Amino acid sequence: MLLSFLALCCGGAAVLYVLYSWLIPAAVQYNAWLALLWHDAIVERALNILTRSTRPQRLLRAVQKKAIKGDPQSVISTIDYFCRHSEWAMNVGDEKGAILDSVVCEVSPSTALELGTYCGYSTVRIARLLPPGTKLITLEFNPDYAAVARQIIEYSGLQDKICLVEGASGDLIPKMQELFGIKTFDFVFLDHWKDRYLPDIKLLEECQLLRKGSILLADNVICPGTPDYLEYVRNSPRYESKYFKSHLEYTKVEDGLEKSVFLG
Ligand SMILES: C[S@@+](CC[C@H](N)C(=O)[O-])C[C@H]1O[C@@H](n2cnc3c(N)ncnc32)[C@H](O)[C@@H]1O
Ligand SMILES: [Mg+2]
């Protein structure tokens, strides 16, 4: 009786071990929906309860503990390490980040807008490459995320190059001229909720915030995906669009960035 109970326990433990150390990580690395469900719904909630903190707070703590203050590259590398080895987070990440870097360097914008700040990872990534005098305006409607992003931006030492505005893109885009005297943006990074990409570029067009040659770079066009936005920029005569194939941040799931030039 005791022996069969012990055998049952050992068998159960072995199944759990195989599931947790091999099957789940493998499935989560390669399957889009499993990856998002696992990282966003299951692990994040469990860790929030267990640690009585939020994912952005845990990410901020890692930066404060491990990154060199005033060194944006160290902040970026620390976040990437944390997200690969401790806890996934929805930053653009290192792999797609390299594509983002090359587009920012190529455009060398005088005016830049980011939609969706989260913890400020991509904000720091973009701002560190901006020419002197350029300010990046970044919009975030979640006050808890914005509070963490402010501290990460401050920690990286780039606060003078970044203006974080709290609020919804749909409300703030029409106020860009009034708030910042912006006539047009040279570069826009779209990385907020995916159903807002299309309405917000139409709003940017309507508010005449795009000029001939403005560059839009959109993240996550495959995973979670922005089919209506892709259909628009790929078929509209007002845009010339190109896909950069990559992977969803910190996984092997296909994702990519869409770079679109506004033709006027
Ligand atoms: C994927 S995360 C941004 C990640 C960030 N760009 C990075 O790579 O580090 C999306 C963020 O957009 C914010 N967001 C979503 N829709 C928004 C909107 N309409 N206006 C402002 N912020 C929005 C969310 O709260 C979330 O923090
Ligand atoms: Mg993204």
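For every chain, the first residue of the written sequence is number 1, and numbering continues from 1 along that sequence. Here every chain gets a letter starting at A, and every ligand a number starting at 1, in the order they are written. Residue-level local features of this predicted model are given only where pLDDT is at least 70; pairs of side-chain atoms are given and counted only at 80 or more, and the full residue set underlies all totals for whole chains, interfaces and linings. As a rule here, side-chain values cover all heavy atoms of the structure and leave hydrogens and water aside.

- Per an unreviewed UniProt entry, the chain goes by the name Catechol O-methyltransferase and belongs to Salmo salar.
- UniProt positions are given in the numbering used here, feature names are shortened, and annotations may be inferred rather than shown by experiment. Of the chain, the UniProt comment under Function (unreviewed entry) reads exactly: "Catalyzes the O-methylation, and thereby the inactivation, of catecholamine neurotransmitters and catechol hormones."

### Brief notes about the side chain of serine 169
Phase 1 of the analysis: Secondary structure elements are defined from DSSP: runs of H or I of at least 4 residues count as helices, runs of E of at least 2 residues count as strands, and each element is numbered from the N terminus. In this structure, serine 169 sits in helix H8 (residues 169-172).
Phase 2 of the analysis: The contact rule is simple, with two residues in contact once any of their heavy atoms fall within 4.5 Å. Beyond its immediate stretch of four places on either side in the chain, serine 169 contacts Leu115, Leu139, Pro174, His192, Arg196, Asp200 and Leu203.

### Examining helix H12 (residues 227-235)
Phase 1 of the analysis: With a 1.4 Å probe rolled over the protein chains alone, any residue whose accessible area is under 20% of its type maximum counts as buried; one over 50% counts as exposed, and the rest are partly exposed. For H12, the complete set of buried residues consists of Tyr229, Leu230, Tyr232 and Val233. Viewed along the axis of H12, the buried residues span an arc of 165 degrees, placing them on a single side of the element. Across from the buried face of H12, at angles greater than 90 degrees, the exposed residues are Pro227, Glu231 and Asn235.
Phase 2 of the analysis: Tucked into the core, H12 has its buried residues touching strand S4 (185-190), helix H10 (197-206), strand S5 (210-218), helix H11 (221-225), strand S6 (239-247) and strand S7 (254-262). Throughout, the arc means that of the directions going from the helix axis to the C-beta atoms.

### What about the packing of aromatic side chains?
Phase 1 of the analysis: Note on aromatic pairs: the rings of Phe, Tyr and Trp (six-membered ring only in Trp) are paired at centre separations within 6.5 Å, and the planes decide the class, stacked below 30 degrees, edge-to-face beyond 60, tilted for the rest. The tally for this structure, following the rule as stated, stands at four aromatic pairs.
Phase 2 of the analysis: Through a chain of ring-to-ring contacts, three or more aromatic side chains come together here, namely Tyr232, Tyr239 and Phe262.

### Some remarks on the site of ligand 1
Phase 1 of the analysis: Only heavy atoms are used to decide nearness, and a residue is near a molecule or strand if one of them lies within 4 Å of it. Around ligand 1, 21 residues are found, and the nearest of them are Val92, Gly116, Ser122, Glu140 and Asp191.
Phase 2 of the analysis: Identification of polar contacts relies on pairs of N or O atoms within 3.5 Å, with a donor-acceptor requirement for protein atoms, meaning one able to donate a hydrogen and the other able to accept it, and with residues adjacent in sequence counted only if both atoms are side-chain atoms. Serine 122 places a polar side-chain atom, nitrogen or oxygen, 2.8 Å from a nitrogen atom of ligand 1.
Phase 3 of the analysis: Contact with the protein chains hides 98% of the accessible area of ligand 1, taken as 600 Å² for the molecule alone.
Phase 4 of the analysis: Looking at the shell around ligand 1, the elements that each hand over two or more residues are helix H6 (121-127) and strand S2 (135-140).
Phase 5 of the analysis: Looking at the shell around ligand 1 residue by residue, the class counts come to nine nonpolar, eight polar and four charged. Here the accessible surface of atoms and residues is derived via Shrake-Rupley with a 1.4 Å probe, and residues count as covered only by protein chains that are part of the display. Polar here means any residue other than Ala, Val, Leu, Ile, Met, Phe, Trp, Tyr, Cys and Pro, which are nonpolar, and Asp, Glu, Lys and Arg, which are charged; Gly is therefore polar.

### Comments concerning the domain arrangement of the chain
Phase 1 of the analysis: Split into domains, the chain comes out as domain 1 (12-52) and domain 2 (93-262).
Phase 2 of the analysis: Segmentation of the chain into domains, including their bounds, is taken from an automatic or database domain assignment. Centre-to-centre, using C-alpha coordinates, domain 1 lies 30 Å away from domain 2.
Phase 3 of the analysis: If you look at the interface, domain 1 gives eight residues, while domain 2 gives seven residues.
Phase 4 of the analysis: Two parts lose some accessible area (1.4 Å probe) when they are put together, and adding that loss for both gives the buried area. For the pair domain 1 and domain 2, the summed buried surface comes to about 630 Å²; carbon and sulfur atoms form 66% of the total.
Phase 5 of the analysis: Per-residue buried area on domain 1 facing domain 2 is highest for Gln29, Tyr30 and Leu36; these three make up 62% of the total on that side.
Phase 6 of the analysis: Here a salt bridge means any side-chain nitrogen of Lys or Arg lying within 4 Å of a carboxyl oxygen belonging to Asp or Glu. The interface formed by domain 1 and domain 2 includes zero salt bridges.
Phase 7 of the analysis: Counting every contact that joins domain 1 to domain 2 gives zero residue pairs in polar contact (both at pLDDT 80 or more).
Phase 8 of the analysis: Elements with a contribution of two residues or more to the side of domain 1 that touches domain 2: helix H1 (2-30) and helix H2 (32-51).
Phase 9 of the analysis: Broken down by element, the residue count for the side of domain 1 that touches domain 2 peaks at four residues, all from H2.
Phase 10 of the analysis: For the side of domain 1 that touches domain 2, a count of residues per class yields six nonpolar, two polar and no charged.

### Describing the coordination of the magnesium ion (ligand 2)
Phase 1 of the analysis: Each metal's donors are the N, O and S atoms within 2.8 Å of it, or within 3.2 Å when it is Na, K or Ca, and because water is not part of the set, sites may look incomplete. Binding of the magnesium ion (ligand 2) to the protein goes through Asp191 (OD), Asp219 (OD) and Asn220 (OD1), at separations of 2.1 Å.
Phase 2 of the analysis: Between consecutive donor residues of the magnesium ion (ligand 2), the sequence gaps follow D-x27-D-N. Here aspartate 219 lies in the loop between S5 and H11 and aspartate 191 lies in the loop between S4 and H10, a separation of 28 residues in the sequence.
Phase 3 of the analysis: Aspartate 219 sits in the buried class, given a relative accessible area of 0%.

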